[in-house]
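One letter stands for each residue in the lines below.
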Amino acid sequence: MKVLTLNFLTCAVKACKTTSTSFPLHPKDCELVSDTIAPNPQLLLNVLPRIDWNALIITAGELGFPTLPPTPPTREELESNEKMMTELHTLLLETQISEGSLVCGNCGHEYKIKEGIANFLLPNHLV
Amino acid sequence: MSRPEDTLPPDLHYNDAEARKYTTSSRIQNIQASMTNRALELLDLSSPSMILDIGCGSGLSGEILSSIDPSAGGPHIWVGMDISPSMLDVALQRDVEGDLMLADMGQGVPFRAGSFDAAISISAIQWLCNAESSEVSSTGRLSRFFNGLYASLKRGGRAVCQFYPKNDLQRTMISGAAIKAGFGAGILEDDPGTKNAKLYLVLTVGGSAEEGTGGDITGVVKGMEDVDVLDARKKHREKGRREIKKGSKAWILNKKEQMERKGKVVKNSSKYTGRKRHITF
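Quick notes on the rules
- Residues numbered from 1 in each chain as written.
- Chains lettered and ligands numbered in written order.
- Predicted model: local features only at pLDDT ≥ 70, side-chain atom pairs only at ≥ 80, totals over all residues.
- Heavy atoms only, no water.
- Helix = DSSP H or I, 4+ residues; strand = E, 2+ residues; numbered from the N terminus.
- Rg over C-alpha atoms; globule rule 2.2 N^0.38 Å.
- Buried < 20%, exposed > 50% of the residue type's maximum accessible area, 1.4 Å probe, protein only.
- Contact = heavy atoms within 4.5 Å.
- Lys, Arg positive; Asp, Glu negative; His and termini not counted.
- Charge placed at Lys NZ, Arg CZ, Asp CG, Glu CD.
- Buried area = accessible area lost by both parts, 1.4 Å probe.
- Salt bridge = Lys/Arg side-chain N within 4 Å of Asp/Glu carboxyl O.
- Polar contact = N/O pair within 3.5 Å; in protein donor to acceptor, adjacent residues only side chain to side chain.
- Disulfide = S-S within 2.5 Å.
- UniProt positions renumbered as here; feature names shortened; annotations may be inferred.
- pLDDT = per-residue confidence, 0-100.
- Axes fitted to C-alpha atoms, helices over the stretch in contact; angles between N-to-C directions.
- Parallel < 35°, antiparallel > 145°, perpendicular 65-115°, else oblique.
- Left-handed = near helix turned anticlockwise from the far one by under 90°.
- Phe/Tyr/Trp six-rings, centres within 6.5 Å; stacked < 30°, edge-to-face > 60°.
- Lys NZ or Arg CZ within 6 Å of the ring centre and 35° of its normal.

Novice: Break down the overall build of chain A for me, with residues and values.
Specialist: Across its full length, chain A carries 5 helices and 4 strands. Ordered by position in the sequence, the α and β elements of chain A form the string α-β-α-α-α-α-β-β-β. At 15 Å, chain A has a C-alpha radius of gyration in line with the 14 Å of a compact globule built from 127 residues. Projected onto its principal axes, the C-alpha positions of chain A cover 50 × 30 × 25 Å. Within chain A, the proportion of its 127 residues that are buried is 48%. The long-range share in chain A, meaning contacts at least 24 apart out of those at least 6 apart in sequence, stands at 68%. Computed over 9 positive and 14 negative side-chain charges, the inter-centroid distance for chain A is 10 Å.

Novice: Account for the interface of chain B and chain A, naming residues and giving values.
Specialist: Between chain B and chain A, the residue contacts involve 30 residues of the former and 29 residues of the latter. A combined buried area of about 2600 Å² lies between chain B and chain A, and 58% of that area is made up of carbon and sulfur atoms. Among the residues of chain B in contact with chain A, Asp99, Gln107 and Arg112 of chain B are the three that bury the most area, contributing 27% of the side total. The interface formed by chain B and chain A includes 2 salt bridges. Here Asp99 of chain B makes a salt bridge to Lys2 of chain A, at a shortest N to O gap of 3.7 Å. The tally of links from chain B across to chain A stands at 15 residue pairs in polar contact (both at pLDDT 80 or more). Of all the secondary structure elements, the ones that give two or more residues to the side of chain B that touches chain A are β2 (77-82), α5 (85-93), β3 (99-102) and β4 (116-122) of chain B. When residues of the side of chain B that touches chain A are assigned to their parent elements, the largest contribution, 4 residues, is made by β3 of chain B.

Novice: Could you give me a rundown of the state of the cysteines, with the residues and numbers involved?
Specialist: All names here are of chain A. In the structure shown here, the tally under the stated rule is 0 disulfides over all chains. The thiol of Cys16 is unpaired, and the distance to the nearest cysteine sulfur, on Cys107, comes to 3.5 Å. Using a relative accessible area of 1% as the deciding quantity, one classes Cys16 as buried. Free cysteine Cys30: the closest other cysteine sulfur is in Cys104, separated by 15 Å.

Novice: Please provide a residue-by-residue account of the pattern of salt bridges, values included.
Specialist: Within this structure, the stated rule accounts for 15 salt bridges over all chains. For the salt bridge of Asp190 of chain B with Arg38 of chain B, the shortest nitrogen-to-oxygen distance reads 2.9 Å. One end of the pair, Asp190 of chain B, is in strand β6 (residues 184-190); the other, Arg38 of chain B, is in helix α3 (residues 26-43), with 152 residues separating them in the sequence. Taking relative accessible area as the criterion, Arg38 of chain B reaches 17% and is therefore assigned buried. A salt bridge links Arg261 of chain B to Glu257 of chain B; the nearest nitrogen and oxygen atoms lie 3.4 Å apart. Of this pair, Arg261 of chain B and Glu257 of chain B are both found in helix α10 (residues 249-261), 4 residues apart, which corresponds to roughly one turn of the helix. Take Arg261 of chain B: its relative accessible area is 61%, and that puts it in the exposed class. Residue Glu257 of chain B is classed as partly exposed on the basis of its relative accessible area, which comes to 45%. Connected through salt bridges with shared partners, the residues Lys28, Glu110 and Lys112 of chain A form a single ionic network.

Novice: How would you sum up the UniProt feature "signal peptide" (unreviewed entry) in chain A? Please name residues and give values.
Specialist: The positions that UniProt labels "signal peptide" (unreviewed entry) are, in the present scheme, residues 1-15 of chain A. Strand forms 0% of residues 1-15 of chain A and helix 27%; the C-alpha atoms that close the span are 25 Å apart.

Novice: Please give an account of the confidence of the model for chain B that cites residues and values.
Specialist: Residue and element names in this part refer to chain B. For chain B, per-residue confidence averages 85 on the pLDDT scale, and residues scoring 70 or more make up 89% of the total. Considering only residues more than four positions removed or in separate chains, one finds that residues 209-213, a stretch of pLDDT under 50, has 3 contacts. The ipTM value of the predicted complex is 0.89, and its pTM value is 0.81.

Novice: How would you sum up the packing of helix α2 (residues 16-24) of chain B against α5 of chain B? Please name residues and give values.
Specialist: Residue and element names in this part refer to chain B. Two elements in contact, α2 and α5, have axes separated by 8 Å at closest approach and are oriented at 50°. What the angle tells us is that α2 and α5 run oblique. In the crossing of α2 with α5, the sense of the turn from one axis to the other is right-handed. Side by side, α2 and α5 meet where Asp16, Ala19, Arg20, Tyr22 and Thr23 of the first sit next to Ser86, Met87 and Val90 of the second.

Novice: Report on the packing of aromatic side chains, specifying residues and quantitative values.
Specialist: With the rule as written, the count across this model stands at 8 aromatic pairs over all chains. Between Tyr111 of chain A and Phe120 of chain A, the aromatic rings sit 4.3 Å apart at their centres with planes inclined by 15°, giving stacked as the arrangement. There is no split in this pair, since Tyr111 of chain A and Phe120 of chain A are both buried. Here a set of aromatic residues connected by ring pairs shows up, and it is made of Phe145, Phe146, Tyr150 and Phe183 of chain B. The ring of Tyr150 of chain B carries the charged tip of Arg155 of chain B above its face, separated from the ring centre by 5.1 Å.

Written out as structure tokens, the structure reads:
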């Protein structure tokens, strides 16, 4: 699972939908793999405004990545700065979680990740 | 023709053998590919986007999403949801590029608001009409799914869901649930009246700023050739506006029809109905 996807995922439990602590999900005991993906600057520019930067900083910290700048780069900055573009590409798209689990900050539900596939099936009483 | 929906829930129906059969059959591959291309045409994406694939299965449709040429606005990045572990296993073996998740669409779409540019679903959402246990209902599953999907799409985003309804009831149930969630919804039917008719539920979120592209399905198909638009809303509006003069023959016939529908005994209509009586003296 890509770090970009993790930036969009929230807890699926109904009671957690209204609380702010259910996002982002916190990775726990994660094994990371790096997968080479052809760089796609246009895609990054498209998703940049939708990335929750604060959540990304938290996730990157928890996964043990070097600290990110406190504010997101603007479209123009990212367009002109090729180094930042490749770094973001490596972090968001090429870094993938293969094993481990995601924990909701509100209810503490653990979503297992196996072979890169997260299990978001819930028992009926939580839906 | 037998429907897999009638036999078993999706996570059990698509077991290892069935998943392999589904993915290796060249006939299914061809049909899936043509439906995915048609759905992409309806989505009309001009630049690389973030797409949600609902019921991605073994990634047959996702493969097409990630292989689109840069000149045609691709390649897109996608996240796939499916309930069948065996299907996802096949997808892993095929080494697809998108992210996969084991999730039940009837339990909602676990993404934060405005995550995706578009959503695509090929032959999946008719499964929502089945409730597998007494704790869930099909209407509940449908509304949870469409509410979640509505929230996770960005404003001006679109979703195209190709589906196989069992009958007209399921068709209206699905489109009704989508409208209730707030979507602008419409159904596009390819090859209507034939055995291989394909239904696409085209959903739009909010009106987009560009003229002619937002609103609903009539904006989506504008400019496409060979598409007949049957707008039931307009017909209804026109019918309401046409005034019938009180006391006229048409008015009387209309009233008689109303009464008959209520189950009242109504005299037969003839050429004399609504005529004035002659003055006899």
